[in-house]
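An overview of the molecular structure
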Amino acid sequence: MVQEQIRDRGIRCPRVLDAMLRVPRHEFVPEDLIDGAYADQPLPIGEGQTISQPFMVGAMTEALELEGEERVLEVGTGSGYQAALLALLAREVHSVESIAGLATAAQERLARLGCSNVHVHTGDGTLGWAEAAPYDAIVVTAAAPRIPPPLVEQLAEGGRLVIPVGPATEQELLLVRKNCGQTTSEALHYCRFVPLLGRHGWQSPHS
Ligand code: SAM
């Protein structure tokens, strides 16, 4: 997976590649889908949600430019797979999931795999997670109609926010940087994610 889907498609950060080699993706997919755990596609994880395609996880993680000492916020814990990668790449990870059953399952899985620096919270991640802000990096793993203002507020000076923005059919993966209180934004890839539902997200799956 890492050679063909990640490195050969342009993800070059050695720390990200090493983390993707170390995290056992098959631990994060339902048992009946284990045969496809390393395939080039997202997979269902229950509750109508997905674990993202490996390449997209690699691209989003690389864009965060993590060096090891950061405090990171993930919005959309899902299976916990990306949180497990972030746990290897940063000092502290807070991950918010709106579906309580997924949050509980991910928390248990991450604890079993020894990811002791990940804190999973249940809630509306479009509000960020103010208790642990500011964050050096924020990654949103669901598609937003626009950038939620609380996430920009909770981003530290010099921080990076990676977020898919756009309509349900297709989004652009944006890398937002905050410098001197101002943000600049760069489009990285086209992508397709499940909707970010919440106060600063979509109001319903079809709105
Ligand atoms: N990062 C996950 C992984 O590694 O398995 C994949 C996440 S999945 C593509 C998107 C997740 O975002 C879903 O689990 C969904 O329930 C969650 N989500 C949607 N809206 C949310 C919100 N407002 N706050 C937190 N999580 C949300």
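To be clear, the structure that these remarks concern was listed above.
Residues numbered from 1 in each chain as written. Predicted model: local features only at pLDDT ≥ 70, side-chain atom pairs only at ≥ 80, totals over all residues. Heavy atoms only, no water.

1. Structural notes on the sheet that holds strand E6 (residues 135-140)
Sheet strands pair via backbone hydrogen bonds, and the direction of the pair is either parallel or antiparallel. Read across the open sheet, the 7 strands follow the order E5-E4-E3-E6-E7-E8-E9; overall the sheet is mixed. The sheet terminates laterally at strand E5 (118-122) and strand E9 (182-191), the two strands that pair on one side only. Ignoring which end each strand starts from, the neighbouring axes of this sheet average 15 degrees apart. Its contacts with the sheet place helix H3 (residues 54-63) against E6, strand E7 (155-165), strand E8 (171-179) and E9, and it is angled at close to 160 degrees to E9. In the packing of helix H5 (residues 100-112) onto the sheet, the strands contacted are strand E4 (92-97) and E5, and the crossing angle to E5 comes to about 165 degrees. (Pairing = 2+ DSSP bridges. Helix = DSSP H or I, 4+ residues; strand = E, 2+ residues; numbered from the N terminus. Axes fitted to C-alpha atoms, helices over the stretch in contact; angles between N-to-C directions. Contact = heavy atoms within 4.5 Å.)

2. Some words on the site of the ligand
Near the ligand, the surroundings consist of 28 residues, among which Gly76, Ser79, Glu97, Gly125 and Leu197 are the closest. A distance of 3.0 Å separates a nitrogen atom of the ligand from a polar atom in the side chain of Glu74. Backbone polar atom of Gln82 to an oxygen atom of the ligand: 3.0 Å apart, as the coordinates give it. Considering the ligand on its own, with 600 Å² of exposed area, one finds that the protein chains cover 99% of that surface. Mapping the ligand onto the cavity grids shows that it belongs to the largest pocket. Put simply, the parts of the chain that give the shell around the ligand at least two residues each are strand E2 (49-51), strand E3 (71-75), helix H4 (81-89) and E4. At 3 residues, E2 tops the list of elements feeding residues into the shell around the ligand. Tallied by class, the residues present in the shell around the ligand amount to 11 nonpolar, 14 polar and 3 charged. (Near = heavy atom within 4 Å. Polar contact = N/O pair within 3.5 Å; in protein donor to acceptor, adjacent residues only side chain to side chain. Areas by Shrake-Rupley, 256 points an atom, 1.4 Å probe, with all protein chains shown as cover. 1 Å grid on protein atoms, 1.4 Å probe; cavity = no way out; pocket = protein on both sides within 12 Å on 5 of 7 lines; lining within 4 Å. Sits in = over half its atoms within 2 Å of the grid points. Nonpolar A, V, L, I, M, F, W, Y, C, P; charged D, E, K, R; others polar.)

3. Describing the packing of aromatic side chains
Overall, the coordinates contain 1 aromatic pair when judged by the stated rule. Measuring from centroid to centroid gives 5.6 Å for Phe28 and Tyr81, while their planes differ by 65 degrees, and the two rings are edge-to-face. Within this pair, whereas Phe28 is found in the loop between helix H2 (14-22) and strand E1 (43-46), its partner Tyr81 is found in helix H4, the two being separated by 53 residues in sequence. Judged on exposure class, the residue Phe28 and its partner Tyr81 are both buried. Above the ring of Tyr81, the side-chain terminus of Arg25 is found at 5.0 Å from the ring centroid. (Phe/Tyr/Trp six-rings, centres within 6.5 Å; stacked < 30°, edge-to-face > 60°. Buried < 20%, exposed > 50% of the residue type's maximum accessible area, 1.4 Å probe, protein only. Lys NZ or Arg CZ within 6 Å of the ring centre and 35° of its normal.)

4. What to know about the nonpolar core
Within the largest apolar cluster, 46 residues are counted, with the highest numbers of intra-cluster contacts made by Leu66, Tyr81, Leu110, Val118 and Val162. Here this core takes 7 residues from H4, the largest share from any one element. Setting aside residues up to four positions removed in sequence, Val162 forms contacts with Met60, Ala63, Leu64, Ile138, Val139, Val140, Leu173, Leu174 and Leu175. Formed by 19 residues, the second largest nonpolar core is a distinct cluster that contains Leu73, Ala132, Leu155 and Leu161. (Core = buried A, V, L, I, M, F, W, Y, C linked by side-chain atoms within 4.5 Å.)

5. A few points about the side chain of His121
Of note, His121 is situated in strand E5. Here the side chain of His121 touches His94 through a polar contact of 2.9 Å, side chain to side chain. Not counting residues within four places of it along the chain, the set of residues in contact with His121 comprises His94, Ser95, Val96, Glu97 and Trp129.

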